[in-house]
Every structure is written in structure tokens, then in C-alpha cells.
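Fold and geometry: a report
Read off the chains here:
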Amino acid sequence: MSEQFERRLTGQPVSPGIAMGVLRVEARGCEAPATRMILPTEMEQEWQRFEQALSRTEAELHSLKARVAKLSGAAEAAIFDAHLLFLRDRTILNKLRQELPARMHNIDAVYYAVVQNFMEVMRRVDDPYLRSRVVDIADVLQRVLKNMRPTEEAPGARSLCEQCPCVLAAYDLTPSDTADLDPNKVLGFVTETGSAVSHTAILARSLGLPAVVAVPRLVMDSRAGQQVILDGYNGELILNPTPETKEYYLALQQEKEKAYQALVAMRDLPSVTLDGRHIRLAANVEFAHEYAAIQRSGAEGVGLFRTEFFLLGGGGIPDEESQYEHYRTLVESCSPHEVIFRTLDSGGDKLPFEVLEEKEDNPFLGWRGIRVSLSRPEIFKEQLRAILRASAHGRVGVMFPMVSGLTEVREVHELLEECRRELRERHLPFDENMRVGIMIEVPSAAMMSDVLARYVDFFSIGTNDLTQYTIAVDRVNYRVANMFRSTHPGVIRLMRQTINAGIPTAVCGEMGADIKLLPLLVGLGATELSVGTHLLPLVRYAIRHLNYEECCNMAEKALMAEDSHTIRTLSRELALKSYPSLFE
Ligand code: PEP
Ligand code: MG
């Protein structure tokens, strides 16, 4: 049967590595049922099974409605009318009739895929009421699936998935879904939407999970329980791999691991170019479990600690004391190197600071980053005091996300000064000279960098957002992902302008970990790079094989180039020439 043949689905690789195992298909909490091929003669039987499940669900919903009406009144019970309507929704049933003969899978698996796609469309509609109905649809889906399950479920894909680590396939994963993934249970993931600079992709790299995004028809075309290989280098999901393919990937996995370990073994060598320019190489960190990896990677401290995952990941923002304890642990473990804390950057595609009554139309242009912190000064000051107090235990810097100009910098300085005063009054020690910096990720800040440089100690260029805001291309929208080019001449010129302002300038966006673009960043004059711990050994090796002067000459040419392709090619050629082994 065709399903036994190897098939390849292609997407965009966003986190390197290879994962081999059983596929788990899951979309937002509702796991896909086990999938099996059916024969044409089974179709009728499958429809009957489905019809019976619908009738059972209908009966359940009616009885629930009656119970709720008795307990809370008719108005509360009306919610089940919406469930009942959805249960027999024509659009869904027609789509199911179309997909079943096309896919020849058991009907619950096809129903699952059809409803998941429908839910994703609903999640994107403008009408907040309709959007909020997605939970009802999910509820109906779960009921129907439960009613289709045999009472004694045969050990199949479901139990397989529960027992062993799996490759996860989903329509989409939010950054918080990703943050929740347990690397002991999930070997890698693949999604139908997504982009390389979304926080979901960034987190995959932090967790060291191979990941591929933007695979068209993923949920429709894959089956839970299938054997798969996820190739995070080339962006492929291989369904039903042949023994030869498995052998090839096992060998590749071993080879890559060996090469990687050889790079890790060089962790104590300084990140200095061949002609002696030192580039501080620090780590980007999101989670506490990464702290050990900072040391292992040989990072010179932390260049970007994204505090939002710690602050918003649990139930409510930790108070000053808990934050202080947490920050202090990190600072002490990185000593004598510096840890740069970025204050809360909520909003955009990340966790919201507060659940907003109305969805923001343009969240990336809305209540995000420093704007949130400045509008909640008491909470912001708790974070600032905790960071200041941590500075008594090692070298600490603080920086602020999404600054657009001087007004925000002035406000931040005022609050910082207030915090210092308060700590002095409480007789709590802190470093009076703690470095204060800002992220340069909004074009207006880059254009004003000469002025801003008089007010702060350092800049850190967030190329993910700087690219997004300069080219006006949403970093998580896969429809415009091909336009997201950090080598756009407009972006490069803004970076140069920022570096020319003359204060220490780091690059902490994803561009810093792209070894093809490293010669460009070094040539533009970045003094520091901050990258995910997994990629750090690679970047160190690359820096050690570059010639700074050569990079500067190349960057001058790049600054005169007219398009992103030319700039990328110039940098890539120098990279290839300087460290060819990293491209093998
Ligand atoms: C950036 O924008 O480049 C950056 C480092 O910040 P984040 O990815 O967290 O928005
Ligand atoms: Mg950013």
C-alpha cells in the first residue's frame, strides 16, 4: 500500500539535528488518534462508525444541556446549542466526505485533521467572539474522538507515543507550547506554519531540539504512529523511511555528533580572529536548565538573558526576592564573566503580560517590551531592584527591549535611580557601576544611535526585530518569510550606523549565529556576539578562522551593494573560504 513507501515532506529547517522515532500528531492539547490505512470496502463501515459516534455525542450533549439548565438556568445551557450545531456542521462533513476517499485512513484520523485545520482558520478570524468559540470546537472534537474509540483500545500508535519519545507534528506551536516541551519525551518537532526567527524556533534551538517549520499540509498528510526521521539540517520530514535511509541518517547523526564534540573540546580557546581581534562570545539564555550548558559551551558569560520566560512561565510574576535569588544563581555560576539581563519583553508573539480583553490588531507594534514595563512601573521596579541586587554577586549588565528613542531611555534612567535610592535606604548592596544598555531593534533607535550612545554604556542589536521593523515584514508570518532578510541593505546600513556611534555594540539576534553572515558582522565592527549555547562552539571556531581586516574590506563592499543577495553572497564566500569544513 502506498502508505508503506517512504515519503518526504519539505519545510524550512530552523533548528539543526536529526530526530528518529514515532510521529505524534498533536494540535493544542488534543492528540491525534492512531491512524491506519483502510480498504475501499471498509469505507461504508467507517461512515457508520462515525455516524454512531455523532449520535452518541449528540445524546451526551443533550443530557449535559439538560443538567446545566437545571443547575444554572437556560442561558448557561445555551452553550451546548453551539456544540450541537458544530457537530453536524455541513462544511466539516463535506470536507470529510472529500478527504476520506482521498486519504483512505480510518475516519477518526481524517476527522481530526479536518477539524484541526478548521480550528486554525477560526483562530485567525477578526471577530473575537468567533475566535473564542475555538474551545467549543475542540471540546466537540474530543467528544467525537472519544466516542469513536473502541472501549478496549488496541495497543497502537497512541500507547506507542505515550511510551517512547516521539517526533511531534503540529499545525502550530506557540512559544509557550514550545517552552513546555519535555526534551525527554519529544525528540524534535515539525509544524505546518512558522518561521526561522519566531520565538518558537529560537526556543527549539535553546532546547537543542531539531525542528522544521512551514511544511504544507503536514497535519493532513502525516499519520500518528508512523516511523519518521526529522532532518533539521535540510528541513525534511521523512515518513516511513526505508532501511537504507535510516542507515544513512544514523551514520550522519554519528558523524555530526563527532564533529560537534570536536568543536566543543575547543571551548577554552579564545574567540580571536587570526589577526588578533577579540570578539566577546556570550550566550543567549532562556531557561534555567541551560545554565550548565553556558559553562560547557565555553561562553564568556551571558549576552542576552530573555527574562520573560522565567517571569511569565509560571503562575504569576515572581516577587523581587524570588527574582533576586534566581538572578543571583545565574550571576554566580557565570562569574567572572558578565551576565546581561534583558528586562521583560512580553507581547508580540511571546506570552502576554496580562490577558487583554481585546486582541491587539498589530501586536508587534503594540504593547510590547519596554512599553509594557513602563506602564507597570511598580512591577518593573521589582525586576530592576532584583537585577541591581544580583550585581552585588558578580558582573551584571541590564538592557531594555524595543526602545524607540530617548524618551524611554530617560524614563528608564529615572526608575533605575529610584531603585538605587530604595536599595541604599534598605542597606542592600549593589554595583553602583552596573552597565546599562539598550537593544537596538527599532529603526528609529538605530537612526538616533549617536544621541542614545551618550546615555547608555552599550548597545545590543536585536537583528530579529530590527529586520522585522525595517523591512516591515512580520517575523512569524510564513507567507512573507522569504522577505525576511537580515542582509537587506537597509538593515545593514542601520547596523553600521549603530556601531559607528562608538560604544560597545553586540549582536544578539539570530543573525549572530549564522556562520555564513559572521564575516559581515565582524567586518561591520560588532565587538560582541551573543548566540544560543548549542551553536556557540561553531561560531567560536568560525571567528578563529577569520581575518578581521579581510572582513572589514568585505563589509565595505557590502555597504555599497544594492541588494540583499549580493551582500549575503559576499559574506558567504568569505565564510566558505575561511572555514570550509563547517560547510561539509
Ligand atoms: C531580537 O529581536 O533580535 C532579539 C534578540 O530579541 P527577541 O528575539 O527576543 O525579540
Ligand atoms: Mg527583539
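For every chain, the first residue of its written sequence is number 1, and the numbers climb from 1 along that sequence. As a convention, the first chain written is A and the first ligand written is 1, with the rest following in written order. This being a predicted model, a pLDDT of at least 70 is required before a residue's local features are given, and a value of 80 or more before pairs of side-chain atoms are given or counted; all residues contribute to the totals for chains, interfaces and linings. Hydrogens are left out, water is left out, and the side-chain values use all remaining heavy atoms of the structure.

On to the overall build of the protein chain. Secondary structure counts use DSSP, requiring at least four H or I residues in a row for a helix and at least two E residues in a row for a strand, with both numbered from the N terminus. Of regular secondary structure, the protein chain possesses 26 helices and 17 strands. The globule rule is 2.2 Å times the number of residues to the power 0.38, and the radius of gyration it is compared with is taken over C-alpha atoms. Computed over the C-alpha atoms, the radius of gyration of the protein chain is 26 Å, within 12% of the 25 Å expected from 2.2 N^0.38 for a compact globule of 584 residues. Across its three principal directions, the C-alpha atoms of the protein chain cover 75 × 60 × 45 Å. Looking at the 584 residues of the protein chain, the share that counts as buried comes to 55%. Only the protein chains shown count as covering a residue, and every accessible area follows the Shrake-Rupley method with a 1.4 Å probe. Summing over all exposed atoms, the protein chain offers an accessible surface of approximately 25300 Å²; the carbon and sulfur share of this is 53%. Only protein chains enter the accessibility calculation, which uses a 1.4 Å probe; a residue is then buried when its area is under 20% of its type maximum, exposed when over 50%, and partly exposed in between.

It is worth spelling out the coordination of the magnesium ion (ligand 2) at this point. Around a metal, the perfect tetrahedron of four donors has angles of 109.5 degrees, and the perfect octahedron of six donors has angles of 90 or 180 degrees. All of the protein donors around the magnesium ion (ligand 2) are Glu-441 (OE) and Asp-465 (OD); their distances to the metal are 2.0 to 2.2 Å. In this pair, Glu-441 is assigned in the loop between strand 14 (435-440) and helix 19 (443-447) and Asp-465 in helix 21 (residues 463-471), connecting sequence segments 24 residues apart. Note on Glu-441: relative accessible area 2%, which makes it buried. For Na, K and Ca the donor cut-off is 3.2 Å, while for other metals it is 2.8 Å, and in both cases only N, O and S atoms qualify; water is not among them, so sites may look incomplete.

Either an automatic procedure or a domain database provided the assignment from which the domain bounds are taken. Domain annotation of the protein chain identifies domain 1 (2-28 + 161-258), domain 2 (40-148) and domain 3 (269-485 + 504-509 + 526-547). The distance between the C-alpha centroids of domain 1 and domain 3 comes to 30 Å. Counting residues at the interface gives 16 residues for domain 1, matched by 18 residues for domain 3. Buried area: the sum, over both parts, of the accessible surface (1.4 Å probe) that disappears when the two are put together. Buried area between domain 1 and domain 3, summed over both chains or domains, comes out near 1500 Å², and the portion from carbon and sulfur atoms is 68%. On the domain 1 side of the contact with domain 3, Val-197, His-199 and Ser-206 bury the most area, a combined 37% of that side's loss. Contact criterion: two residues are considered in contact whenever any of their non-hydrogen atoms come within 4.5 Å of each other.

Here we take up helix 5 (residues 107-123). Expected helix span is given by 1.5 Å per residue-to-residue step, counting one fewer step than there are residues. If you check helix 5, its first and last C-alpha atoms are 24 Å apart, about what 17 residues at 1.5 Å a residue would give, namely 24 Å. Across the 17 residues of helix 5, 14 count as buried, placing the element largely inside the fold.

Looking now at the side chain of Thr-505. For Thr-505, the position within the fold is in strand 16 (residues 505-507). Looking at Thr-505, the relative accessible area reads 2%, which means it is buried. In terms of polar contacts, Thr-505 uses its side chain to reach the backbone carbonyl oxygen of Ile-503, at 2.8 Å. Not counting the four nearest positions on each side in its chain, Thr-505 is found in contact with Phe-459, Ile-461, Thr-498, Ile-499, Ala-526, Thr-527 and Glu-528. Counting of polar contacts relies on pairs of N or O atoms within 3.5 Å, with two restrictions inside protein: one atom must be capable of donating a hydrogen and the other of accepting it, and residues adjacent in sequence are counted only when both atoms are side-chain atoms.

Take the site of ligand 1 next. Here, proximity means that at least one heavy atom of the residue falls within 4 Å of the molecule or strand. Neighbouring ligand 1 are 17 residues, the closest being Arg-306, Arg-342, Gly-462, Asn-464 and Arg-475. In the environment of ligand 1, an oxygen atom lies 3.4 Å from a nitrogen or oxygen atom belonging to the backbone of Gly-462. The side chain of Arg-475 places a nitrogen or oxygen atom 2.8 Å from an oxygen atom of ligand 1. Protein coverage of the free-state accessible area of ligand 1, which is 290 Å², stands at 100%. Elements with a contribution of two residues or more to the shell around ligand 1: helix 10 (199-207), strand 11 (302-306) and helix 21.

Two measures define how a pair of helices packs: the angle their axes make with one another and the distance between the axes. Note on method: axes are straight lines fitted to C-alpha atoms, helices fitted across the in-contact stretch only, with angles between N-to-C directions ranging 0 to 180 degrees. Their axes nearest at 9 Å, the elements helix 25 (residues 548-560) and helix 26 (residues 564-578) cross at an angle of 165 degrees. In terms of their interaxial angle, helix 25 and helix 26 are classed as roughly antiparallel. Relative to helix 26, helix 25 is oriented so that their crossing is right-handed. Facing helix 25, whose interface residues are Glu-550, Cys-551, Met-554, Lys-557 and Ala-558, helix 26 presents Ile-567, Leu-570, Ser-571, Leu-574 and Lys-577. Across the contact of helix 25 with helix 26, the residue classes tally to six nonpolar, one polar and three charged. Every angle not falling under 35 degrees, over 145, or within 65 to 115 is termed oblique; those three ranges are roughly parallel, roughly antiparallel and roughly perpendicular. Crossings are classed by handedness, with left-handed meaning an anticlockwise turn of the near helix from the far one by less than a right angle and right-handed meaning a clockwise turn. Asp, Glu, Lys and Arg are counted as charged, while Ala, Val, Leu, Ile, Met, Phe, Trp, Tyr, Cys and Pro are counted as nonpolar; the rest, among them Gly, fall into the polar class.

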